[in-house]
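# Inside the fold
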Amino acid sequence: MDENGQPYTSIQKRSFATAELKKGIFKNGIFDLIEAREVCKFKEYVTDTINDGDVRYSSYPGTYQYGGKQLTAAYDFVADVSYQTEGWSNGKDLRQDKNLRQKITALYEKLGKIIGARDAAALSAIMYATGKEKAEADYNQKTGATTDQWTLWMDMFKATNVVKIEKDFDVEISGDGKLIYAIPKNQKDMLRAIGKNTATGFTLYMYEDKNNNELKFIR
């Protein structure tokens, strides 16, 4: 940038790199700065200039053919938020559960009946944890995601004629035994809500709540 904060038309020989991490709030498209922290400040020049007669070559990140400099910086970022992603921390170890496959099938059958009955309230209840988990995992930055998903579900209700649930599947279990995932062998998804020229699929991570021993969708 020049003295007025405007970019030069070409990279200047004495250019150097700095970076800041800024914390703030977006309101109506305007960023309200709360705090700024310096991540790095490279004193060395970013560019090298080689004069070959009347031809001038400058190397900088972006023109690798001239051996541009590699600038790296490490910075530990810890998000300060008022909540924590719960995940499956309240789950049970399912590695020795002999009825696990039956429980998985029963959960997807429950979802299938909800879709078949067009029961919006029941769908919201069974999917609540997945929406909450996704929102907290990305610090609620995708504010319209829940509304968009709800619209897709309502469109699915209108279009669905047949619900197919995969009966033949493999089960993957996390190292602590608390997070499980069913992998369908024949269908694309564990549950397929099919209508004319449309199909919606569901294949979700699950855990069993240790407070009520209920298998639930989580992600």
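Just above, that's the structure.
## Here's the deal with a nonpolar patch on the surface
On the surface, Leu 21, Tyr 75 and Phe 77 cluster together to form a nonpolar patch covering roughly 300 Å² of accessible area. Along the polypeptide, Tyr 75 turns up in the loop between strand 4 (55-59) and helix 1 (100-116). Residue classification places Tyr 75 among the partly exposed positions, given a relative accessible area of 32%.

## Side note on the pairing of strand 9 (residues 198-202)
Strand direction decides the pairing type here: strand 8 (residues 191-195) and strand 9, joined by 5 bridges, are antiparallel. Within strand 9, the position partnered with Gly 195 by the bridge is Thr 198.

## A few points about the sheet that holds strand 11 (residues 214-217)
The 4 strands lie next to each other as 6-7-10-11, forming an open sheet whose pairing is antiparallel. Edge positions in the sheet fall to strand 6 (169-173) and strand 11, since each of these pairs with one other strand and no more. Pairs of neighbouring strands in the sheet enclose a mean axial angle of 30°, with direction left out of account. Of the pairings in the sheet, the one linking strand 6 to strand 7 (residues 180-184) comprises 5 bridges and is antiparallel in character.

## A look at the side chain of Thr 203
Along the chain, the position of Thr 203 falls in the loop between strand 9 and strand 10 (205-209). Of the polar contacts made by the side chain of Thr 203, one reaches the side chain of Asp 189; its length is 3.1 Å. A polar side-chain atom of Thr 203 sits 2.9 Å from the main-chain amide nitrogen of Met 190. With sequence-adjacent residues up to four places away left out, Thr 203 is seen in contact with Tyr 108, Tyr 181, Ala 182, Pro 184, Lys 188, Asp 189 and Met 190.

## A word on the layout of surface pockets
A volume near 560 Å³ is recorded for the second largest pocket. In this structure, the second largest pocket is lined by 22 residues; those nearest its centre are Thr 130, Gly 131, Lys 134, Thr 146 and Gln 149. Elements supplying a minimum of two residues to the lining of the second largest pocket: helix 2 (120-137), helix 3 (145-159) and strand 9. Top element by residues in the lining of the second largest pocket is helix 2. It accounts for 8 residues. The class makeup of the residues in the lining of the second largest pocket is 8 nonpolar, 10 polar and 4 charged.

## Concerning the pattern of salt bridges
Scanning the model with the defined rule gives 12 salt bridges in all. Notably, a salt bridge pairs Lys 92 with Glu 208, separated by 3.2 Å at the nearest N-O pair. Of this pair, Lys 92 sits in the loop between strand 4 and helix 1 while Glu 208 sits in strand 10, and the two are 116 residues apart along the sequence. Judged by relative accessible area, Lys 92 falls into the partly exposed class, the value being 29%. Taking relative accessible area as the criterion, Glu 208 reaches 1% and is therefore assigned buried. Among the salt bridges present, the one from Lys 185 reaches Asp 168, with a minimum N-O distance of 3.7 Å. Of this pair, Lys 185 sits in the loop between strand 7 and strand 8 while Asp 168 sits in the loop between strand 5 (160-165) and strand 6; the two residues are 17 residues apart in sequence, bridging distant segments of the chain.

Cut-offs used in this document
- Each residue is numbered by its place in its chain's sequence as written, counting from 1.
- Totals for whole chains, interfaces and linings use every residue, but because this is a predicted model, local features are given only for residues with pLDDT of at least 70 and side-chain atom pairs only at 80 or more, for both listing and counting.
- With hydrogens and water excluded, all non-hydrogen atoms of the structure serve as input to the side-chain values.
- By definition, no residue in a patch forms a salt bridge, and every one has over 30% relative accessible area; like charges are joined within 9 Å, nonpolar side chains (Val, Leu, Ile, Met, Phe, Trp, Tyr) within 5 Å.
- Computed by Shrake-Rupley with a 1.4 Å probe, the accessible areas treat only the displayed protein chains as cover when residues are assessed.
- What counts as a salt bridge is simple: a side-chain nitrogen of Lys or Arg found within 4 Å of a carboxyl oxygen of Asp or Glu.
- Only DSSP runs of H or I reaching four residues or more are called helices, and only runs of E reaching two or more are called strands; each is numbered from the N terminus.
- Per-residue accessibility, obtained with a 1.4 Å probe over protein chains only, is compared with the maximum for each type, and a residue is labelled buried under 20%, exposed over 50%, and partly exposed between these values.
- Being paired, for any two strands, means DSSP has found at least two bridges between them.
- Axis definition: a line fitted to C-alpha atoms, limited for helices to the stretch in contact. Angles are taken between N-to-C directions and run from 0 to 180 degrees.
- Pairs of N or O atoms are called polar contacts if they sit within 3.5 Å, as long as, within protein, a hydrogen donor faces a hydrogen acceptor (for residues adjacent in sequence, only side-chain-to-side-chain pairs).
- When checking whether two residues touch, look at their non-hydrogen atoms; a contact exists if any pair is within 4.5 Å.
- Of the two site types, the cavity is a set of points on a 1 Å grid over the protein atoms alone where a 1.4 Å probe fits but cannot get out, and the pocket is an open set with protein on both sides within 12 Å along at least five of seven lines, each lined by residues with an atom within 4 Å of a point.
- Grid points are joined across faces, edges and corners, and a volume is the space filled by probe spheres set on the points.
- Think of it as three bins: nonpolar holds Ala, Val, Leu, Ile, Met, Phe, Trp, Tyr, Cys and Pro, charged holds Asp, Glu, Lys and Arg, and polar takes everything else, Gly as well.

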